[in-house]
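Observations on the model geometry
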Amino acid sequence: MTGFARAEGALGEFGWSWELKSVNGRNLDLRCRFPAGYEQLDSYVRARAAEMLKRGNLAVTLTIDDAASQGRLAVNRAALSQVLEIVGELGAVKAEPPRLDGLLGLKGVLELELPKVDEAEAARRNEALQRGFDQALKGLAKMRGDEGARLATLTLAHLDEIERLRGLAAASAGAQPVTIRQKLERQVAELLQGLTPLSEERLAQEAAMLAGKADVREELDRLSAHVAAARALIATGGAVGRKLDFLCQEFNREANTLCSKSADIGLTNIGIDLKAAIEQLREQIQNIE
C-alpha cells in the first residue's frame, strides 16, 4: 500500500526529520538510510515497522540538522603509515609514485571524526528520535488506512460483479441437465439417420454421463462461498491482503474448471468474463495490506 509521512523535531540546536515512503509489495521490505553514527536505530525502526505494517516496500530516511555535530575530517595516521610502509616494500616495482589524493582516497586513511556527546545527552537524543519515528509511522499507517477504506469499496464492487456473473452461469442453459439431454438427442438423431435408434435406457445413460462431466454446480457453490469469505474478511478489517490473495487463487481455480467443463458457448463466454473480473479483483488486492 502506498503512503508518505514526515515528522520533524529538535532538542535545542539538535534537529532531525524522519521521512517514510511506502509502495505496494507482497511482503514487508524495509530500506533504511541513517547518517553516520545513528545506525543503532536500525533495529528499533525495523521492530516498530513490523508491529504496525504487514506488507509494502518501505523506505525510511533520517536527516540530522546539527551544526555542532557535523564532525571534521582527520587522517588516520596509523593507517597512512602502514600504506607508506607497503609502498616502500614494493619500491622495486616499476610504477609511478603514489599521489597524495590517491593515498587519502584509500579506505580508512581519511575518516570523519564526530564530536563526542556524553551518555546522558546521547540517550535523550536517541529517545527523541524514536518518538519522532513513532510519530511518522503513525502518520503513514493512517494514510495507508485511509487508502485501505477506499480500496475496500472498490474490492466489494469487484465481488459484486463476480457474484453477478456467477448467477448468470447458474442460469445458463449450458449448465442445465435437461438442455444437455436435448442436445445429445439431436446429435444422436443426426448421426443415426436411417439406422436403428438408441434405446431410451442407453440414451439416458449417455445423457447422465455427459451431464455429470458438464455439471458445474459444485464450482458455482464454491464461488459463492469464496465471495462470502472475501466479504467477511473485508468487514473484519486489519491485515487481510494475504488471505484475499489466497481466495483469488481459489476464484481462478473454480473459473478455470467451469470453462473446461462447459460444452456451451454461452456458458464459456460467461466463464471468460468471470476470469476477467477475478483478474481485476486480484490486481486490486495487491494494494491491500
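Scroll up for the structure.
Being a predicted model, the structure only gives us computed values, none of them experimental.

1. Quick notes on the pattern of salt bridges
A side chain with one charge can pair with a side chain of the opposite charge if their charged atoms come near. Under the definition given, this model contains 20 salt bridges. Residue Arg-231 is joined to Asp-160 by a salt bridge in which the shortest nitrogen-to-oxygen separation is 2.4 Å. Placement of the pair is Arg-231 in helix α7 (residues 217-236) and Asp-160 in helix α4 (residues 119-171), with a sequence separation of 71 residues. Relative accessible area serves as the criterion here: at 27%, Arg-231 is assigned to the partly exposed category. Here Arg-253 and Glu-250 are joined by a salt bridge, their closest N and O atoms 2.5 Å apart. In this pair, Arg-253 and Glu-250 both sit in helix α8 (residues 241-261), three residues apart, roughly one turn of the helix.

2. Some points on the pairing of strand β2 (residues 14-23)
The buried fraction of β2 is high, at seven of 10 residues. Note: strand β1 (residues 3-11) against β2, nine bridges, orientation antiparallel. Following the sheet pairing, Gly-3 is matched in β2 by Ser-22. Between the end of β1 and the start of β2, which pair antiparallel, lie two residues, with Gly-12 showing a positive phi angle near 65°. Alignment of β2 against strand β4 (residues 56-65), held across nine bridges, turns out to be antiparallel. Its bridge partner being in β4, Ser-17 is matched across the sheet by Thr-63.

Parameters at a glance
- Residues numbered from 1 in each chain as written.
- Predicted model: local features only at pLDDT ≥ 70, side-chain atom pairs only at ≥ 80, totals over all residues.
- Heavy atoms only, no water.
- Salt bridge = Lys/Arg side-chain N within 4 Å of Asp/Glu carboxyl O.
- Helix = DSSP H or I, 4+ residues; strand = E, 2+ residues; numbered from the N terminus.
- Buried < 20%, exposed > 50% of the residue type's maximum accessible area, 1.4 Å probe, protein only.
- Pairing = 2+ DSSP bridges.

By themselves these figures say nothing about function.
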